[in-house]
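Here's the letter readout for the chains.
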Amino acid sequence: LAATVNGHGAMLTPPPRNAIDSTIPGMDWGNGSTRTGHIEPLGVGCANGTESCRPGQAVFWFSQGCTPGCASCDSHGQRIPNWDHCNTTRTKPFKPTLDPQYRSANRNATPGSAQDIWKFQPWRSPGLAPVEDPCGMAGGSPVPVFNGGEYTHTKYAKQGDLGSKVLAPRPTGITWKAGGLANASWYIAFNHGGGYRYRVCPRSEELTEECFARPEHQLEFASSEHLVLFSDGPRAIPNMVVESGGGKGWMRNPIPMPNFVGSDCDDMSGHPCGGCPCGSGYPGGNTPQEFPNPFGVDRKGQNTAIQDLLRVPSLPSGEYVLGWRWDCETSSQVWTSCADIAIE
């Protein structure tokens, strides 16, 4: 099996179940001292303001080979242009639902054209791509693969485990008021564009994508800004919530995808191949003028906490699981995290 992983991210606060291995003495993925896997050991650093984060291996819980409209993911994460992962079983052509103004990558490509290489990726139809599990799969596939698709076996999980099945509730002591406001944060270890949303599912129910996707379980973004937590203090930057087309209510990733590694395509072995399509440069890429990096040249934005103000849905009091879902745009991957909260 050849596959690749190029975007890594996870919910930071509330502390997710996916980060439970950060409690193992001597293991600290947050400061980069612990590396995961053997194929290509990765150290994933993270800064939460003035302190290093404690995300454990949360950034290694995801799904890949996920095309909107397909029945399931196929675990093949190579970045191949115009790859529909279920083209042989579709009964009719699939049309992306995202309004082009909300793209984070390949913004200069004409919709539907050959240069529109990411048309089948999750963010082009927010929320419509299948996932292996709403709390993620350890390592993103049943077996370890190149470029970050490998999970270090701990007492809590092993490669291929499903988050909703193996990760026990992790009490956070956090209680949110129904209809009130609350903060949550996430971080990007390696960017892959796209956008995200926060949702909940009652802890008393089976944790399924269908439960998290119910309209009444969606959290609305309650501010026009993100708060980014740098080591020398927080900085507010504008955000962009989808307001037209498919995916209304989702938040675009504030960090644009650069026209180099991260936007590269892969060969079938999962190795970057110099442009997209391979060897071509980036004919449909972004320009800094129309989607500038809000962090500036010296601050790419990776490995920093991105905090959002959320409107808590008016739900009955009880125990809930907060879900975070990041639909990527320059890969067929979906990152997910789950945290335990109460609503009163």
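What counts as what
- Residues numbered from 1 in each chain as written.
- Predicted model: local features only at pLDDT ≥ 70, side-chain atom pairs only at ≥ 80, totals over all residues.
- Heavy atoms only, no water.
- Helix = DSSP H or I, 4+ residues; strand = E, 2+ residues; numbered from the N terminus.
- Rg over C-alpha atoms; globule rule 2.2 N^0.38 Å.
- Buried < 20%, exposed > 50% of the residue type's maximum accessible area, 1.4 Å probe, protein only.
- Contact = heavy atoms within 4.5 Å.
- Areas by Shrake-Rupley, 256 points an atom, 1.4 Å probe, with all protein chains shown as cover.
- Lys, Arg positive; Asp, Glu negative; His and termini not counted.
- Charge placed at Lys NZ, Arg CZ, Asp CG, Glu CD.
- Phe/Tyr/Trp six-rings, centres within 6.5 Å; stacked < 30°, edge-to-face > 60°.
- Disulfide = S-S within 2.5 Å.
- Core = buried A, V, L, I, M, F, W, Y, C linked by side-chain atoms within 4.5 Å.
- Pairing = 2+ DSSP bridges.
- Salt bridge = Lys/Arg side-chain N within 4 Å of Asp/Glu carboxyl O.
- Polar contact = N/O pair within 3.5 Å; in protein donor to acceptor, adjacent residues only side chain to side chain.

**Student:** Where do I start with the overall build of the protein in this structure?
**Tutor:** Looking only at helices and strands, one finds two helices and 15 strands in the protein. The globule rule puts the C-alpha radius of gyration for 344 residues at 20 Å, and the 18 Å found for the protein is close to it. By the burial criterion, 56% of the 344 residues in the protein qualify as buried. Long-range pairs, those at least 24 residues apart, make up 73% of the contacts in the protein with a sequence separation of at least 6. Here the protein has roughly 13,400 Å² of accessible surface; of this, 53% comes from carbon and sulfur atoms. If the 27 positive side-chain charges of the protein are averaged to one point and the 32 negative ones to another, these points end up 3 Å apart.

**Student:** In this structure, what is going on with the packing of aromatic side chains? I would like to understand it.
**Tutor:** The description of two aromatic rings rests on the distance between their centres and on the angle between their planes. For the structure shown, the criterion picks out eleven aromatic pairs. For the ring pair W61 and Y151, a centre distance of 5.3 Å and an interplane angle of 70° mean the geometry is edge-to-face. One end of the pair, W61, is in strand β4 (residues 61-64); the other, Y151, is in the loop between β5 (137-138) and α1 (163-166), and 90 residues separate them in sequence. Take W61: its relative accessible area is 0%, and that puts it in the buried class. Ring centres of W326 and W335 lie 5.8 Å apart, and the angle between their planes is 40°; on these two criteria the pair is classed as tilted. By relative accessible area, which is 0% here, W326 ends up buried. Since its relative accessible area comes to 0%, W335 is described here as buried.

**Student:** Looking at this model, I keep getting lost on the state of the cysteines. Mind explaining?
**Tutor:** Two cysteines form a disulfide when their sulfur atoms are joined by a covalent bond. Considering all chains together, one arrives at five disulfides under this definition. Between the sulfur atoms of C66 and its disulfide partner C73 the distance amounts to 2.2 Å. Between C66 and C73 the disulfide shows an S-S torsion of about 110°. By sign, it is right-handed. Per residue, the accessibility class of C66 equals that of C73, and both read buried.

**Student:** What am I meant to see in the nonpolar core here?
**Tutor:** If you look at the biggest cluster of nonpolar residues, it comprises 31 residues, and the most contacted ones within it are W186, Y196, Y198, L322, W324 and W326. Elements that contribute at least two residues to this core include exactly β7 (181-190), β8 (195-202), β10 (225-230), β13 (305-311), β14 (318-327) and β15 (333-343). Among the nonpolar cores identified, the runner-up in size contains 20 residues, and A58, F60, A138 and L167 belong to it.

**Student:** In this structure, what is going on with the pairing of β4? I would like to understand it.
**Tutor:** On a regular strand, one side chain projects to one face of the sheet and the next to the other, so that they alternate. Residues W61 and S63 of β4 are buried on one face, and the alternating residues F62 and Q64, pointing to the opposite face, are buried as well. As paired elements, β4 and β5 share two bridges and run antiparallel to each other. Counted as the bridge partner of F62 is M137 from β5. As paired elements, β4 and β15 share three bridges and run antiparallel to each other. Residue F62 lies in a different strand from β15, and its bridge partner there is W335.

**Student:** What is the right way to look at the pattern of salt bridges in this model?
**Tutor:** A side chain with one charge can pair with a side chain of the opposite charge if their charged atoms come near. Taken as a whole, this structure holds 13 salt bridges when the rule is applied. A salt bridge links R17 to D340, with the shortest nitrogen-to-oxygen separation between them at 2.8 Å. Of the two residues, R17 is situated in the loop between β1 (8-13) and β2 (47-48) and D340 in strand β15; the sequence distance between them amounts to 323 residues. For the pair R17 and D340, a shared accessibility class is recorded, and that class is buried. Note that E329 and R124 form a salt bridge whose closest N and O atoms lie 2.6 Å from each other. Taken as a pair, E329 in the loop between β14 and β15 and R124 in the loop between β4 and β5 lie far apart in primary sequence, 205 residues in all. The structure contains a network of salt bridges with shared partners spanning R103, D116, R124 and E329.

**Student:** Where do I start with the side chain of S185 in this structure?
**Tutor:** Among the structural elements, S185 can be located in strand β7. Of the polar contacts made by the side chain of S185, one reaches the side chain of T13; its length is 2.6 Å. Leave out the neighbours within four places in its chain, and S185 touches M11, L12, T13, Y198, I306 and Q307.

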